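Listed here are the chains, written in short residue letters.
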Amino acid sequence: MRSTEVWADRLLDREGTPQPVHALVWTADGSRLLAAVGGQILVYAAADGKLLDTLRAHKDVIYSLAAAAAGNQLASAGADKTVVIWNVTATNAADDPAATLRSPKDGRAAAKAAAGGLVKPAGADSGDANGAGEVQITFSPSVKFTHTDSVQCLAYNPVTGVLCSGTASDFGLWSPESRAVTKFKISSKVTCCSWSSDGQFLALGLYSGTVSLRNKLGEETGTIDRGSAPIWALQWSPTARSRLMANTSVDAQRTGGATAVKDSPAKKGQPALKPAASSNGADETLVITDWQQTVSVYRPTGKQVGRERATGADGDPIGLSHFYQGGYAAVAGTSGTVALWAVGGGGETTARIGALVERPDTWIWSVAMNPASNLLAWATQDGVVGVHHVLFHTVHALHRNRYVFRTGLTDVVVQHFDAAGETRQCRLPCREHVKKVAVYHDKVALQLPSRVVVYEMVADGAQAALGGGGAGAAGMGGLTSMLAAILLDQPGSGSGDVGAAGTHQQAGGKPALVYRIRDKIDLALECNLLVIASRHILFCIERTLKMYDFSGKQEREWQLDSMIRYIKVVGGPPGREAVLLGMRDGWTYQVFLDNPFPVPLVRHGFPVRCVDINRTRTRLAVVDDSETCAVYDLLGAGGSSSSGGSSGPTAVLRSPSPAGGGAAMRGAGLELVYQEPNAASVAWNTDHDDLLCFSGRDMVTIKAGSYPPLQQPHQGFVVGFKGAQLFSLHQYTMSVLDVPLATCLYQYVERKEWHRAFMVACLGACTDRDWDALGGAALEDLQFDLARRCYARVQNHRMLTHIASLAAQYAATVGNGNNNGNTAAAAAARDLVRANVLAVRGNFAAAADLYVGRGQPARAVAMYTDLMMFEYALRLARENGLPEDSILKHKAALLKDRNDYEAAADTYLQVGDLAQAVRLLVQNGAVERLALVVQASGDKMDAATLAQCAAFFRQRGKTEHVSGVLRRLGDWKALVQLHVAGDDFDAAFAVAREHRLEPLVELPYAQYLLLRDDFAGAQACFARAGRMDLSLQLVRKMLDNALAQECYLDAARCAWRLAMVHRACLPVATPADELAGEHRDHLAAFHLHNTRADVLYAFHHVAQYVGDPFTSLPLPTLLAMARFLAAHIHRPEWVPGVPRETVAYALVRLARECGAPRLTLDAARIAAEFCLPPAWQGTVDVLRLLAMADLGGLAGSSAGIGVAAPAPASPTKPGTAVAGGMVKAAAVANGGPQLTLPPMPAAEEEMQPICYACSATNPLLFASGDPRCVACAAPFVFAFHSFDPLPLIEFRVADPAGDLALVGTATAKTGASSASGEEEDPMLQYLSVHGGTGTGAATGPVLVDRETLARFPRAQVHVVPTGETDVASVPARLFYRALPDVAVATCPGCARAFHADELEYLNVVQGGCPICRHDALAEVGADKL
């Protein structure tokens, strides 16, 4: 433990007089230090002491400062009787450039800026203005309240934020929620106050020497009387709160070996202080100091914990501040000293550790510990503010599996690690500062400030309880004085309670770990390193090594040329142990405690970091600062490992000065065996003389002898290696790792180092498999004793029996007198024994090779025969000329005895009798085995044998095996029937197509699909099978079901599929006029259902619109669908069962929504023909009246003339249209008044379709329901899905011999030209000459002659086939594109015409045509659609 000054600042006024600093406080994040100087508050940067700001709000001296735990408030108070609450705001300099903290460039500028005239010495402040980095903290006063007397102290409740302020006559509690203060009278002046960490208790220190304990409401719950001396400082321990926050990790530096101890400073920026354990973490303790120069600890109940301690030379205490982890406190006094006190252990341990700051010429008025680090701030009477960094070191030691470390500066914990990975531990409370620790076997040495205490382990807890002896027990009265250890529970129990008296077992029933005080040595030595041996203690003081016995007598002293950097006791006889020393100058020495002369071993060019010697003292490992681990052979050291003697009690000798230096490695006759890089610490295995472990650069390496090292990632430093356990220290934690040593074992086995391999296996890190492998390898090398020990370890009794037999055989053949020596007979005998070993181990091939090589092939054949490895036996018999009959006879007899029919069948297979082998397998029911036989030898079987196999497989239900047999027989019909029976239609179709047997599969497959509701697939199968009657029956049933369930889209697809089935029933070459009977019915049904498919598709979308108005189709498209349905509503194409009133109702609504009032009236007329639901009828009436209002009323409405009645039911000639909802001719014919039609709205007029044959405008609805032009009677061609008229004129050639190849072949232009000189369209010219729809056609497509056909441009002739195959009765339809720029596409599946972009959209969105689902986009691509 030590403290270093970080910065200091002296505060002077303008005349140079020091200004006292009465109060200090840190901000909650620990980045700012605030000092109260006179009536000002100076804000310092914690890191470098730069003055960042000066706060002024008081008119007199400030006595106290306090910061809220939340970090948002600061309080100040003093002689002006005023308490000021400051708001604390943190900003980022990069985000808020205007919020720059005021920081003068030097102390002189600060003096000019300060109202109080404070002057800092020149040069005390330098650097930029920001000082504390990017984060800036500003302070602004927000609340003030006053007392009747000067305010002496302040304290914030860490939980509620309530501020306590104490004066000479009262104290107040200010609440941040109500922003009001509640005051309480007090009998004496309040000098100090403090809140407990849970915010439940308030302690007030009074000038009268009394401490008043109060609850959070200010009510007094008790008092503590400390006499008449004033209580100037008290504080509750923050242990309970800080336990959740403190990071107690320590960067543990290299320990240097088993008993070596180094003071390792904590990593910079991390706290290294581990708080002392308390008996109960939830308990609060109050530390009180008074001017009787005592420090005492109390509970909230007022009960004192432990005994009070005197401050002594520290003077009267006037300042107290706990470390943020709790357990320790800094106490400032009038002597100018800040002392570190341990107040851990729930208050039981109260001890002064040492001085942190010493200013003997002044008082230290205030002291404050940083809330986030180990920074200590202090302020003096002579105007000095300073910050010290308190550093704590890791003090620990390790010997074999025993680890000792310091905890809480005053206590020591001893841990024992056993082979099972469990830990026992006990605590040694010292109540003094523990400087150094050491451990060796059963002894532990603790160096305290004024003495050294030696502890000795008691054999077990029972002996300790009985006062059992041992050296050092005499002179200590009773159990209490003999035992100086506190029993602790096992690790992980979460309990640190002191063990009850008379308890001698820890948790789990294990013996307690007990250490007692053996000796106390009054020595006050300041040493670098401390180690202990069985009878001595060794102190390393720079270059001197001093040895004392346990009575405190110095026996010997060694003087060396360099500072001792490393020391380790490596064992030896009691009083004559050997010690290894690593020096700063690179030398490594071996010192024997009974020899006055140190023995130089080897020198490195860098300072030695770590040294260790193996168990047999034959190898030395040295690690230096170059991170190189060098291993030397000590057998050539000329007796350097032997100990010498010394008769004198004390010997002070100089070590020999080795000549030379440099970086090269040199030794006193030592041979460098090998060296490895990246090593920071090293340890030999204490149970194996050839296993070495070293660590460095986050890697741990295990090396066995000169074999390649084994590495794995690991953080920490190796400090011990025992058996299969590796002891590693990482920061403050000692961990025990189980090391896998199997690789090292196999390395030794590979080179047949059996003894070392066995020693590795005995370390306990090997599995039963490793023991078995070691025993087997030793047995193959004829190491019977080692093999016997290995197999006994794993309790393999079978191998032990074999080893006994083999050892007897070896003794009888090799060990007799006739074969002694290195003779050929002895070698042959050993090989035969080794062959038997190999056979026992299962290495039959190697055993057979040895038998044959030594002229014993019959033994190899017998071995294979006994093992039923007849193939190998037969092969060896053939190679060596031995008879095979005996092998087969033996095999047959053996199989007969074992009733192994499959093996018997294998024997028949070997001799080629396939029929007999099949018979045996069938009798035994060996399905899989017979399948393998058929697969391997089926080509050699006759038909009868294969038929027998097929019948057997069919009986067992093995279809796949039957299939294989039928394929070999070539019975394809039976194979197809087999697949059909098993519903494996993929395989059935594959075989049927290959051998033209499809009719055997189609009908069963159709029935299979029907059972699985795949009606479309079943219909296709019926069609392919030629059963059109079944196909028609199925599709009609599908159509009826779709209509019954009101699935009109599915019904449309079924109607189209039904039309295609009727088309497939038509003869291919018979024209339509020659059809008769059922063929004529099929043709009529084809046209009927093809049209019904369009009607059902349009009705599907219109019905969706009526049921759900939120549709994805645009309103014009829906209106076109409704108009298309209205044209077919009274035609034969209308589907029975489809409600017509839905079309009428939808047409009224769509006409209204599309802005067509006349069409609305026409639709209302159509709706009047049906009985609509009341809700629909009301909507129709309202929309009709709105349409009439839009038209401005009918002419003659003043005479009472209403809407005209519907037209008479008499037939209407082509060309008569229903216009505007009024039939003028019908009204006149009936004798009624003539109605005058209002003008049609422009929007509705634009909706009227235009005939592309004569350019005439047509009404939106047709009187006859036949969508033809009212002028030329040309039929409209509607685009599917949008149902808009396409610019297509359907035509056919008048001459039956007309050939489409004539299209575009005319070379001369015919016909009249327009006025502009452009050529007229040949179709339009033809229609203008012939009129109507061409020559001789009244209602059908335009008839054109051959000459006109030749004039048609090829790009404007559109041929639409009606199916995939040509049928004479349903020829392809011919269209002429009147507008070449309008892209028209035809679905190849159903021959329906689309706008090209619509078809592409449907293919992308719906995956194909909505009727036939043909994906034309995927077939031809978007550019060719």
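Conventions and cut-offs
Residues numbered from 1 in each chain as written. Predicted model: local features only at pLDDT ≥ 70, side-chain atom pairs only at ≥ 80, totals over all residues. Heavy atoms only, no water. Helix = DSSP H or I, 4+ residues; strand = E, 2+ residues; numbered from the N terminus. Contact = heavy atoms within 4.5 Å. Areas by Shrake-Rupley, 256 points an atom, 1.4 Å probe, with all protein chains shown as cover. Pairing = 2+ DSSP bridges. Axes fitted to C-alpha atoms, helices over the stretch in contact; angles between N-to-C directions. Phe/Tyr/Trp six-rings, centres within 6.5 Å; stacked < 30°, edge-to-face > 60°. Lys NZ or Arg CZ within 6 Å of the ring centre and 35° of its normal. Salt bridge = Lys/Arg side-chain N within 4 Å of Asp/Glu carboxyl O. Buried < 20%, exposed > 50% of the residue type's maximum accessible area, 1.4 Å probe, protein only. Expected span 1.5 Å × (residues − 1). Arc of directions from axis to C-beta. Polar contact = N/O pair within 3.5 Å; in protein donor to acceptor, adjacent residues only side chain to side chain. Parallel < 35°, antiparallel > 145°, perpendicular 65-115°, else oblique. Left-handed = near helix turned anticlockwise from the far one by under 90°. Nonpolar A, V, L, I, M, F, W, Y, C, P; charged D, E, K, R; others polar. pLDDT = per-residue confidence, 0-100.

Colleague: Please give an account of the overall build of the chain that cites residues and values.
Modeller: A tally of helices and strands in the chain yields 36 helices and 66 strands. Residue pairs at least 24 apart in sequence account for 54% of intrachain contacts in the chain once pairs closer than 6 positions are excluded. Total accessible area on the chain stands at roughly 61500 Å², and carbon and sulfur atoms take up 51% of it.

Colleague: Run through the sheet that holds strand β29 (residues 384–391), naming residues and quoting values.
Modeller: Strand order in the open sheet made by the four strands is β1-β29-β28-β27, with antiparallel pairing throughout. In this open sheet, the two edge strands, each paired with only one partner strand, are β1 (2–10) and β27 (364–369). Mean inter-strand twist for the sheet, computed between neighbouring axes without regard to direction, equals 20°. For strand β28 (residues 375–380) and β29, the ladder comprises five bridges, and the chain directions are antiparallel. Note that in β29 the partner of Ala377 across the bridge is Val387.

Colleague: Lay out the packing of aromatic side chains with the relevant residues and their values.
Modeller: What the rule picks out here adds up to 28 aromatic pairs. Judged by centre distance (5.2 Å) and plane angle (20°), the ring pair of Tyr864 and Tyr872 falls under stacked. Through a chain of ring-to-ring contacts, the aromatic side chains of Tyr1097, Phe1124, Phe1276, Phe1278, Phe1280, Phe1283 and Phe1394 assemble into a single cluster. A cation over an aromatic ring shows up here: Arg1392 above the ring of Phe1280, its NZ or CZ 5.5 Å from the ring centre.

Colleague: How would you explain the pattern of salt bridges if you had to name every residue and give the values?
Modeller: Going through the model one piece at a time under the given rule, you end up with 36 salt bridges. Among the ionic pairs, Arg214 bridges to Glu220, the shortest N-O distance being 3.9 Å. Among the residues examined, Arg214 registers a relative accessible area of 9% and is labelled buried. Classification of Glu220 by relative accessible area gives partly exposed; the value is 46%. Linked through salt bridges whose partners overlap, the residues forming this network are Asp442, Lys443, Glu456, Arg516, Arg518 and Asp519.

Colleague: Summarise helix α24 (residues 1028–1044); cite the residues concerned and give the values.
Modeller: In an α-helix, one turn spans 3.6 residues; hence positions three or four apart end up facing the same way. The end-to-end C-alpha distance of α24, which contains 17 residues, comes to 24 Å, matching closely the 24 Å that a straight helix rising 1.5 Å per residue would cover. Listing the buried residues of α24 in full gives Met1028, Ser1031, Leu1032, Leu1034, Val1035, Met1038, Leu1039 and Ala1042. Each buried residue of α24 sits inside an arc of 165° when the element is viewed along its axis, so together they form one side. More than 90 degrees from the buried face of α24, the exposed residues found are Gln1033, Lys1037 and Ala1044.

Colleague: Account for the side chain of Lys443, naming residues and giving values.
Modeller: Within the element layout of this structure, Lys443 appears in strand β36 (residues 443–447). Of the polar contacts made by the side chain of Lys443, one reaches the side chain of Asp442; its length is 3.4 Å. Beyond its immediate sequence surroundings of up to four residues, Lys443 is in contact with Ala438, Tyr455, Glu456, Arg518, Ile532, Ala533, Ser534 and Phe550.

Colleague: Please set out the packing of helix α6 (residues 754–761) against helix α7 (residues 768–780) residue by residue, giving values where relevant.
Modeller: α7 packs onto α6 with a crossing angle of 165° between their chain directions and a minimal axis gap of 11 Å. Classified by the angle between their axes, α6 and α7 sit roughly antiparallel to one another. Crossing of α6 over α7 shows left-handed handedness. Across the interface between the two elements, Trp754, Ala757, Phe758 and Ala761 from α6 touch Trp771, Leu774, Ala777 and Ala778 from α7. Residue classes in the contact of α6 with α7 are distributed as eight nonpolar, no polar and no charged.

Colleague: Give me the lowdown on the sheet that holds strand β22 (residues 304–310), citing residues and values where you can.
Modeller: The sheet built from four strands is open, its strands ordered β18-β20-β21-β22 with antiparallel pairing. The open sheet has two free edges, formed respectively by β18 (233–236) and β22, since each of these has just one partner strand. If you compare each strand with its neighbour and ignore which way they point, the axes differ by 15° on average. Bridging between strand β20 (residues 286–290) and strand β21 (residues 294–298) involves five bridges; their strand directions are antiparallel. If you follow Leu286 over to β21, its bridge partner there is Tyr298.

Colleague: An account of the confidence of the model for the chain is requested, with residue identities and associated values reported.
Modeller: On average, residues of the chain score 77 in pLDDT, and 79% of them reach the 70 mark or higher. The least confident element of the chain, judged by mean pLDDT, is helix α4 (residues 478–482) at 27; the most confident is strand β11 (residues 163–167) at 96. Across residues 96–133 the pLDDT falls below 50, and counting only partners more than four positions away or on other chains, this stretch makes 88 contacts in the model.

Colleague: Give a detailed account of helix α17 (residues 927–937), specifying residues and quantitative values.
Modeller: Here α17 has its buried residues at Val927, Leu930, Ala931, Val933, Val934 and Ser937. All buried residues of α17 lie within an arc of 160° about the axis, which places them on one face of the element. Turned more than 90 degrees from where α17 packs its buried face, Gln935 and Ala936 sit exposed.

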